[in-house]
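Structural overview for review
The chain contents come next:
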Amino acid sequence: MTPPDRAAPARARIQLPRRTLRTDRWWLAPLFTTLGLAAFVVYATLRVFQQDHYWVQEHHYLTPFYSPCLAAQCAPDAALFGRLPVEFPPLVPYALLSLPFLLLFRVTCYYYRKAYYRSVWQAPTACAVREPHRSYTGETRPLMLPQNGHRYFFYVAFAITAVNTWDMLVPFFHGTDGGFGVGLGNVIMVVNVLMLWGYTLSCHSCRHIMGGRLRSFGRHPVRYRLWTGISRLNDRHMYFGWASIATLIATDAYVALMAGGVISDLRFFN
Ligand code: FES
């Protein structure tokens, strides 16, 4: 039997006699993935550039798409970490420092790479489905090199999730009478922060930081326990990815509707 040619097959794509050998509805997953990602990109783009309806003064609700709010135009109480002494021109996001890193963190995520390589770029589309590309270059082209920076984007995303956590805690101390209070907005923000932490901590880079490159787990029991816990979360990384997208949209939409005067907060306590 002829041994496989190890040089050529790395780039050559398998030639299928038909468009697909599959008989199931394999296209459903890439279709829903494309629609889901496109919906999030469109919604987030519109909201980030809107420069309005991001803050509810009465209960100090701040949407995560504008956190930390840095522009001179930010409502003073919304700028928990201070404002820059310059007004941002139209179409410049108020959360200018955090959004690029969050975008890079998501775009370079190992799960999202799989999702958009398959559904959008179609390399490969699915098992046993003919793909449109003649060759495979992996992540070696210049455009793909930022994918290697994922571990660094993780550190920034970790810090921004801590900021989101602070944004979530502050409204508890701005009830209707100015004291402690709980409303539906608080609940939505808590769920969102939990999903954001789930997504951030289940990151493959986080797992590697905790337990990677250790010669002996026995000599590092704390890191071993953390690595074990994060490995369990890591199993659900895809679910946290989609759940956090859903809760980000829900939180932002709730804050935007309140800020626009369309709805008022449903209060459970004060
Ligand atoms: Fe998905 Fe790191 S692998 S966020």
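1. Observations regarding the packing of helix α6 (residues 204–211) against helix α7 (residues 221–235)
Axis separation between α6 and α7 bottoms out at 8 Å; the angle between their running directions is 165°. Between α6 and α7, the interaxial angle falls into the category roughly antiparallel. Of the two possible hands of crossing, α6 and α7 adopt the one that is left-handed. Between α6 and α7, the residues in contact are H204, C206, R207, I209, M210 and G211 and R223, L226, W227, I230, S231 and N234, respectively. A class-by-class count of the residues in the contact of α6 with α7 yields 6 nonpolar, 4 polar and 2 charged.

2. Digging into the pattern of salt bridges
Oppositely charged side chains can pair when the atoms bearing their charge come close. In this structure the tally under the stated criterion is 4 salt bridges. Between R47 and D252 there is a salt bridge whose closest N-O contact spans 2.6 Å. Residue R47 is located in helix α1 (residues 28–50), and its partner D252 is located in helix α8 (residues 237–259); the two are separated by 205 residues in the primary sequence. Assessed through its relative accessible area of 7%, R47 is described here as buried. Two residues, R113 and E139, come together in a salt bridge whose shortest N-O distance is 3.0 Å. With R113 in helix α3 (residues 110–121) and E139 in the loop between α3 and α4 (150–169), this residue pair connects regions lying 26 residues apart in the sequence. By relative accessible area, which is 9% here, R113 ends up buried.

3. A short note on the nonpolar core
Membership of the largest hydrophobic core comes to 36 residues, with the highest contact counts inside it found for Y54, F65, C74, Y94, F105 and Y112. Among the elements of the structure, α1, α2 (99–107), α3, α4, α5 (184–201) and α8 are those that each provide at least two residues to this core. Per-element accounting of this core gives the leading share, 4 residues, to α1. Residues within four places of C74 in sequence aside, it is in contact with Y54, C69, A79, R83 and Y94. Core analysis: the second largest hydrophobic core is formed by 10 residues, V56, F172, V193 and M258 among them.

4. A short note on α1
In this model, α1 (23 residues) spans 33 Å end to end at C-alpha, consistent with the 33 Å of a helix rising 1.5 Å per residue. Considering only its buried residues, α1 is in contact with α2, α3 and α8. Following α1 by one or two positions, Q51 adopts a phi angle in the positive range, close to 60°.

5. Things to note about the environment of M210
Within the secondary structure, M210 is located in helix α6. Separated by 15 residues in sequence, M210 and R225 have C-alpha atoms that sit 9.0 Å apart. Leaving out residues up to four positions away in the same chain, M210 has contacts with R223, L226, W227 and I230.

6. Observations concerning a nonpolar patch on the surface
On the surface, a cluster of nonpolar side chains totalling about 690 Å² of accessible area is made up of F173, F180, V187, V191, L266, F268 and F269. At the level of secondary structure, the elements contributing two or more residues to the nonpolar patch comprise α5 and β4 (267–269). The topology assignment puts V187 in helix α5. Accessibility expressed as a relative area gives 38% for V187, which makes it partly exposed.

7. Some thoughts on the UniProt feature "transmembrane region" (unreviewed entry) in the chain
When the UniProt feature table is mapped onto this chain, "transmembrane region" (unreviewed entry) is found at residues 26–46, 91–112, 152–173, 179–200 and 239–263. As annotated, residues 91–112 has a helix share of 55% and a strand share of 0%, and its two end C-alpha atoms lie 27 Å apart. In the segment residues 179–200, helix accounts for 77% and strand for 9%; the C-alpha atoms at its two ends are 31 Å apart.

8. Comments concerning the confidence of the model for the chain
Mean pLDDT for the chain: 92, with 96% of residues reaching 70 or above. For the stretch residues 1–9, pLDDT sits under 50, and the model shows 0 contacts to residues farther than four places along the chain or on other chains. Scored as a whole, the predicted complex attains pTM 0.91, and scored at its interfaces, ipTM 0.99.

Definitions and limits used
- Residues numbered from 1 in each chain as written.
- Predicted model: local features only at pLDDT ≥ 70, side-chain atom pairs only at ≥ 80, totals over all residues.
- Heavy atoms only, no water.
- Axes fitted to C-alpha atoms, helices over the stretch in contact; angles between N-to-C directions.
- Helix = DSSP H or I, 4+ residues; strand = E, 2+ residues; numbered from the N terminus.
- Parallel < 35°, antiparallel > 145°, perpendicular 65-115°, else oblique.
- Left-handed = near helix turned anticlockwise from the far one by under 90°.
- Contact = heavy atoms within 4.5 Å.
- Nonpolar A, V, L, I, M, F, W, Y, C, P; charged D, E, K, R; others polar.
- Salt bridge = Lys/Arg side-chain N within 4 Å of Asp/Glu carboxyl O.
- Buried < 20%, exposed > 50% of the residue type's maximum accessible area, 1.4 Å probe, protein only.
- Core = buried A, V, L, I, M, F, W, Y, C linked by side-chain atoms within 4.5 Å.
- Expected span 1.5 Å × (residues − 1).
- Patch = residues over 30% accessible without salt bridge, like charges linked within 9 Å, V, L, I, M, F, W, Y side chains within 5 Å.
- Areas by Shrake-Rupley, 256 points an atom, 1.4 Å probe, with all protein chains shown as cover.
- UniProt positions renumbered as here; feature names shortened; annotations may be inferred.
- pLDDT = per-residue confidence, 0-100.

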